[in-house]
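Structural overview for review
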Amino acid sequence: MVAKKRALEESSTSHKSKKTKGADGKPSNPPQATPSSLITEEVDFPRGGGTSFTPLEVKAIRAEAVKEADEELFEDAQTQAKAAKKRKRKSEVQKAIGSATADKNDQIRIEHLNYKRMNIGMKILGQIVSIQPLALIVSLPNQLFAHIPLTNISTQLTKLLEKEEESADEISDDEDEDEKTPKSRIPELSEIFYEGQYVRGVVTAVHAHGSTDVSTITAAVKSIEDHGYALDMGLPDVSGFLSFKDAKKGRFEDRKLYVGQLLDVSVTKMSSNGRICNVIVDPATFASSYLSEVTNASSVIPGVLVQSLITAVNPSGLNLQILGFFEGTVDQVHLRNDYAEKPYKVGKKIKARVLYDYSSSPPRFALALTEHVLALSPKRHEEMTLQEAFPIGLTLEAVRVTRLESERGVIVEVQPGVAGFVHISHVSDDHVPSLSSSGPWKGDSLHRARVTGHFPFDGLLQLSFKPSIIEQKFLQVADVEVGEVVKGTIKKLSETGLFVSLSGNIDGVVWPNHYADITLKHPAKRFKVGASIKCRVLVVDKDRKRISLTAKKTLLDSTLPLISTFEDAKVGILTHAVVFKVYDKHLLVEFFNNLKAMVPIKEASLVDSFPVGRVVRVRIISTEPEQRRIIASVRQASPSFKATVTDISAVEIGNIVQAIVSEIHKDNVVLTLQPTQVRALISLKNLANHRTLSVAQLCASLKAGDTLEDLVVVTRNPEKGFVIVASKPKAKEALPSKGTLSMDTITLGQLVGGRVTRHTRNGTLIKLNAHIGGILHPTDACDDYEAGVPFPPVDSLIKASVIGIDQGRKQLALSTRQSRMHPDQEKEIVDRDISDINDIHPGDTVRGFIKSVAEHGLFVTLGRDLDARVQIRELFDEYVKEWKERFKANQVVKGRILSVDATTKKIEMSFRTGVAKNPSQLSLGDLQIGQKVEGVVKRVENYGLFILIENSRLTGLCHKSQLSDNKDADVDLALKGFREGDRVKAVIQKVEKSKISLSLKPSNFVEEDFEDNVIQMGADGSDDEESFGLIDEDLEEDAAEETEPSQSNNVSEGEDDEDEDDTMDVDIDANAQLFQPSTSKKSAPSPTLPTPSLKLTGGFQWSSANPQAEEDPEAGSSSDESDVEAASSKKKRRKRKEIEHDLTAEMHTKTPESNSDFERILLGSPNSSFLWVQYMSFQLQLSEIEKAREIGRRAIRTISFREEQERLNVWIALLNLENVYGTDETLETTFKDAAKANDSKTIHLRLASILDQAEKPEKAEEQFKRTCKKFGQSSKAWKLFGEYYLRRGNLEESRKLLPRSLQSLDKRKHLKTISKFAQLEYKQGEPERGKTLFEGIVDSHPKRWDLWSIYMDMEAGQGDIQSLRSFFKKWLDLERKLGDEEGAQVVKQKAIEWTQRANAS
C-alpha cells in the first residue's frame, strides 16, 4: 500500500518510524497524523524515480525558482535580516502549535491488513470457505485467504496422525489393538468442520506468493470419558469438560465428537480448585458472550466480543478503546452497512468482535462491527449465502461505485446490502497504475461486472470490470457442461495427451485414444500448437478441476442422446459409447463422465472386432440401480436388428388406426402405429392402388416421417410383436352387377368398373368381366395429362365411363376423364378431348403423348384416332445432333399445329418456339421504309449483320455504321458482341431490288416500342409464354440438374446453363434494340446482390458489378461451335418465352458475365488490372481457384512492363488469393516472386497489411519484423509496425520500437520518425506521452514550424482549450522580443477568437 504524502509539519525522522518492523524484527507503532480532506493523495516515490509533474509544470516551477532567487540576491541586506527574524519567529510559533496539535491528535492509524503486515505469531479470526482432504482454506479480513494444514489443526489430531504412521510400519496381530482402532480413527476434516465456520488461528508462515499458513487455537477434544469429553483449553493447569448431553446442543448434534476436534465453547462453571471448568457448545451462547474486563492483553483473543468506546471517527474508519485499556481500529470494510444513514458518534459504547492483534506495544487490535461477524454466521442475502445468491460467473449489468481506493481498487454496491470489491488489476484490460476520483471509475458511476469469487469473511463479492473476463465463456471448471461442443486452441502436444486451452485459464486434455475415430500414428502432423480444434466435453472432474475432451468425429457429430449420469441411462435408449476394455466374456464401454456399461459377449456383433478406443452404437437393455450397473447391447443397436417383442394387445383386427412411416423397403413399408407405438407392415402395392399410383411413383413421393391415416388392422402376430395393416377401402358407388353386364345392356355414358390387365401401344386394357373388355386411350385417361395418371398401374381397380361400343370385338372405349364421368360437375379441363380432325386447326397449341420415335421424327398421339408428325427440323430451335436420346414413347409433349389435311388425316406439328401463331408470312411487298421489325441474327460479317426478319424468309443487312448513334464508338468492337441466333429489333432503311437495308440505332426507337412488346408478351397469356417440347422431363433429367420444381406451362428448352454467352439477366431498357432471352425467373437470382468475395488492398475489390450466381464454370468456350456441342450434351430442358432485352446501347458498359465476355473485353484493354482482377474474382465465385491463379499469372505476362502500378495491383490480388485459398508454401512462393518483380519494400509492407486484415496477428507480426530487419533504413516500415502494435493494444511493444528505429535510421529521419510515433500516441495510445515527445522535439528544434503545426493540430484534436493556450503565450513572447506591439495585439486577438470558437463548438 502506497503511503500518504507527509504533512510539512512532520519531523524529518517521522518517515523512519513508519517501518513495520524495527531492527530487532519487532513491529513498531508508527505515529499518525490527522488526515486532511484538503490534501490529495499523491505518490511519494513514483516508479522509476520520476516526478508526477508534467514537463510544462516542471518548466514553470524551474522558471519561478530562478525568478525568486534573482529577487532574493538583489534585495537589501537589512530587509533580508528583518525578514529572516520574522520567519524565525513565525517558524517557532508554528512548531509550538504543531507539537501541540500532534499531541492532541495522536490517534492510531487505521490500516488495511495485507500479507506484508502479517507477522508470524499474529492471532487472527477467519472463516472456513473450503474443506480439502488435507487442509482448510480460510477467508481472512481485508480480502485475504489462508491455508491451515492438517498437522496444524490441534495437538491431539497431530498425535493421532503420528500414531497412525507408526502403526502402519508395524504388523501386529493383537486383537485388543484391533478393538481399540475404531476409537482412535482419524476423522475426515469434513466431519469436524463445516464451511462458514469461524475459527481462530495463529500465523505460522507467510509465503512469498501470498498464501498464509495458520494454526487454530481453541478448545480441543483431548479424550472421551464415561460421561463426556475432556477438553484441552490451551492452558497448562486448566482442563475443560463437556457432557454428552451438552454436546448434542452443538452443530454436530447426535454425531460423535472425535479426539482432536476443535470446539467453540462457553464456560458455565469453574471448579473450586480452579482446574476444571464445565463448558457448553451452544452456538447462540458463544456468539452473544462478551468480555467486560480482562487482567492482561493476552486474554483478548481473536473472535471474542468486547465492550468498546468510540474515541474518534475518521473517513477511513473508527478508533476504539477496548475494555478501557487497549486501543483498537475498525476499517470501513468492517463497519455496518447502514453507517452512512446512522453515523457513529464519539463517546458511544458499542460491542465489537476482535479480528486480530497488531503484535505491537502497547497492544493494539483490529475489530469488526458487521452484523454477520458479530453473529458469527455467514453473510446472507435473501435467505441465501453469498455463494448461492451470486455464483461465480454471474454477470451484473450495473454496479455502482461507492468508494475508491487509488492503490487497491474500488468498492461497489451490487444490491442494497450487498457490496463487492474490484481490485485495481481488474478494472480494465489495460494496465492502470492508480485510480483517480475523476476518472471513469469515479463515485456513483455505473459499470458492468462479473462475479469471479467471494470474500466470505468481509461479506464482499470479488468482481471484475475487465471486458475480457465479462465476455469469457468459462470462468471455472464447474461452468463446463458434459457433452458440450467447445472450440479451443491447441496448447501442447505430448506423449501423454493433447492439452487444449478453452477459455482464460480453463484447459482441457484429449487423451491419445480420443484423438480420432482411428489410432493416429503421427498425431503431430494433425495437431499443430496454436491451431484451433473442435472437441466435445467428455468428463468434468470438479473436485480435481480437470476436463477431459474427445476429438472423435463420430462423437462430435453424434445426434444421439448423451449419457453422463446413471439416471440418463433409460432402457431402450440408443447412444454412442467408446470401447474401454475387452474381456473374454464381455466388453466394457464408456459413456460420458466416466460412466461405464457392460456388453455381454452374446450382445456384441460377432462380425466386428472391438479394439480399445473404437466408437460403437449401443442400446441400453437393462439397469441395476442397487449396484449402479448398466447392461448394453451392440447387436440390438444395429439398424437391421429386429426389435424385441412388443405388446400388441391394445391393437385389434378391424381397428382404424393412424401410423407414421419408419422405413421403406422393396415390397412393404414399416410403420409405427400412433399412439400405441406398435410396429406394423403395409404392402406398397396396396398403398399404391389406394392412391391410384404406380409403385415407382409411390416410392418417389413417400418419405420416412409421413403420416398415414385410415388404415385397417387385418392381421396380428403377437409372437413377433407386429401387425399387418391395409388402406381403408373407399366408399364405392353403386355399379351394375357383373352378372347382368352385357353388350346389350351397356349404354354410352354408363359408369363401369374393371381391373387393369396390361398396357399396349394403343392404350390400357381393362377387363370388365369374363366376356367384356375395354380399352382406355391415354388421351381419355385424365383432363390434365401432367397431373393425372395416363397409364394406371396393372392390377389396379378403376372406374370409367363408356364413350364407345364395338359390338363385333366386344370391346368398349372407356374414359376416366372427370368431365366425362361427372358431366354435371364443373371441372377445369387443361387438355381438351380431341375426337375428330376438325377439332384442331393450324396455330393451335395442344399436348399429346409420343407414340413412336422414327428416323425422320416423332409421331404424337393427339386423340383416339389422331396422330401428328413432328419432323426433325421442327423439334428444336437449334441444331441437336443426338436428338433420339431425348425422347421416349408415352412421354407428354406440347407443340403448335402447323398444318391439317382433313382428307388424308395428316397433321404437321412443331416444337419450335419461333413458329408464329399466324402461318401467313411477310413478303417483300409488305415491307415499308421506317417499319420496325423483329428478327434473328443469321450471320456476322466484318462489315455488318445479316438479319432474318421474323415471320418471313427475307434477310436484310445492317451495316456496322447503323449500330450506334455515337460517331466515336468502336463499331468493330460492338460488332463482335453479336452472335448468330441473337434476337434484335430493327428499322427498315431501304428496300431496293430484293435488298433490304436495316438499322439498329437507338435513336430510331422510342420507349413505347419496348414496353408494348413486354405488355403484349404478358397479355397474350399462355400462347406467347408457352414452351414446347417435353413436359414430363423429370424422367429424363439427371438428378444433379433437378434443381427447380416442374411447372406445366413454364419450361424452356433453351435454358442452357452452359451457354451463358446467350443467356443473361437484364432489365428492360428503352434505348436497347438487341434482344436476348433471360433465364427462368425461378432460377435466376437477383442481379442486384453481389456475390461476397475477397478484398483487395491495392484499391480494387474482388467482385464484378452484377455477378451471375449460377454460371457454369465451363461456360467459357470462345467459339460458337463449342457452345453448340455443350448445349447438345445436356439433357433436354423445359423452355418458355422470355423477356428480351437489347444490349447494343450497353455494349461498352455492361458487366461481363461469362468467360467469353471477359476474354472479349480484355482483347480491347489488355493492360487494365481492374478487368484482370474482376476476371479472377469471377473464377473464384465458381470455386475455380487454380483457374484464378492461371489468370493472375497470365495477366502479369500480358500487361506491359511500363505499367508498373497495374502489374502491382495484380500481384497484390495474387497475394490476397493465396492468403485466403492457398497454403503457407504457395503464399511464400508468390510473395518471393512479387518481391522480385516489384519494389521489394512495397511488397513486404503490403503482405503485412494483408495478413493484418485477415486477422492473422502472429504472421503479420512476423512479417513486420522481417520487413524492419530488411529495410531498417525505412521510416515508413517502423511507423507501420508501431501502428500495428497500437491497433492490437500492445502499447509497450510499440514504444520499444522507437529507440530501436532510431538506432537503424539515418539522423535526418529521426525527427520525422519521432513525429510519426508521437502522432500515433495521440491517435491510438496515450496523448500525454505524445505531448511529451513533441515537447522534446520542439525544444530542440524551435524553428521547425511544420512540427509546431502538427503539434497544435494534435492538441486541437484533444478538445482541451487549456493545452493550446501555452502556444499563444509562446507566440506572444516571440512577438514582443522580435516583433512590435502591433504584432502582439494581433496574437491576442487571434487567441481570443480561437477560444471563442472552441467554446462554441
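Let me sum up the structure you'll find in this document. Here, residues in each chain are numbered from 1, in the same order as that chain's written sequence. Per-residue local features of the predicted model are confined to residues with pLDDT of at least 70, and side-chain atom pairs are confined, for both listing and counting, to 80 or more; whole-chain, interface and lining totals are unaffected and use all residues. The basis for every side-chain value is the complete set of heavy atoms in the structure, and neither hydrogens nor water enter the calculation.

Turning our attention to the pattern of salt bridges. Salt bridges are defined as contacts in which a side-chain nitrogen from Lys or Arg sits within 4 Å of a carboxyl oxygen from Asp or Glu. Summed over the entire model, instances satisfying the criterion amount to 42 salt bridges. In this structure, E855 engages K884 in a salt bridge whose closest nitrogen and oxygen atoms are separated by 2.6 Å. With a gap of 29 residues between them, E855 in the loop between β45 (845-853) and β46 (857-861) and K884 in the loop between β47 (867-871) and β48 (892-901) connect regions that are remote in the sequence. Only protein chains enter the accessibility calculation, which uses a 1.4 Å probe; a residue whose area is less than 20% of its type maximum is buried, one above 50% is exposed, and one in between is partly exposed. Using a relative accessible area of 35% as the deciding quantity, one classes K884 as partly exposed. Across the salt bridge formed by D1224 and K1259, the nearest N and O atoms sit 2.7 Å from each other. One end of the pair, D1224, is in helix α24 (residues 1224-1237); the other, K1259, is in helix α26 (residues 1257-1270), with 35 residues separating them in the sequence. Each helix is a run of DSSP H or I of at least 4 residues and each strand a run of E of at least 2, with the numbering of both proceeding from the N terminus.

Turning to its location among the elements, L262 is positioned in strand β9 (residues 262-263). Sequence-wise, L262 and A219 are 43 residues apart; in three dimensions their C-alpha atoms are separated by 5.7 Å.

It is worth spelling out the sheet that holds strand β29 (residues 546-550) at this point. The pairing criterion for strands is at least two bridges between them, as found by DSSP. Strand order in this closed barrel of 5 strands is β25-β26-β27-β29-β28, and the pairing throughout is mixed. Across the sheet, the mean angle separating the axes of adjacent strands is 50° when strand polarity is ignored. One ladder, built from 5 bridges, connects strand β26 (residues 498-503) with strand β27 (residues 506-510); its direction is antiparallel. Note on β27: the bridge partner recorded for S503 is I506. Axis definition: a line fitted to C-alpha atoms, limited for helices to the stretch in contact. Angles are taken between N-to-C directions and run from 0 to 180 degrees.

For the rest of this paragraph, the subject is a negative patch on the surface. Each patch groups residues whose relative accessible area exceeds 30% and which form no salt bridge, using 9 Å between like charges and 5 Å between nonpolar side chains of Val, Leu, Ile, Met, Phe, Trp and Tyr. The Shrake-Rupley method, run with a 1.4 Å probe, gives the accessible areas here. Residue values count only the displayed protein chains as cover. The sign given to each residue is positive for Lys and Arg and negative for Asp and Glu; His and the chain ends receive no count. Here the site of a charge means NZ on Lys, CZ on Arg, CG on Asp, or CD on Glu. Negative charge collects at one region of the surface, where E64, E68, D70 and E71 lie side by side. With respect to the helices, strands and loops of the structure, D70 is situated in helix α1 (residues 55-73).

Strand order in the closed barrel formed by 5 strands is β20-β21-β22-β24-β23, and the pairing between neighbours is mixed. Put simply, the sheet's adjacent strands are angled 50° from each other on average, direction ignored. By the bridge criterion, 5 bridges tie strand β20 (residues 395-405) to strand β21 (residues 409-415) in an arrangement that is antiparallel. Residue pairing for β21: R403 is matched across the bridge by I411.

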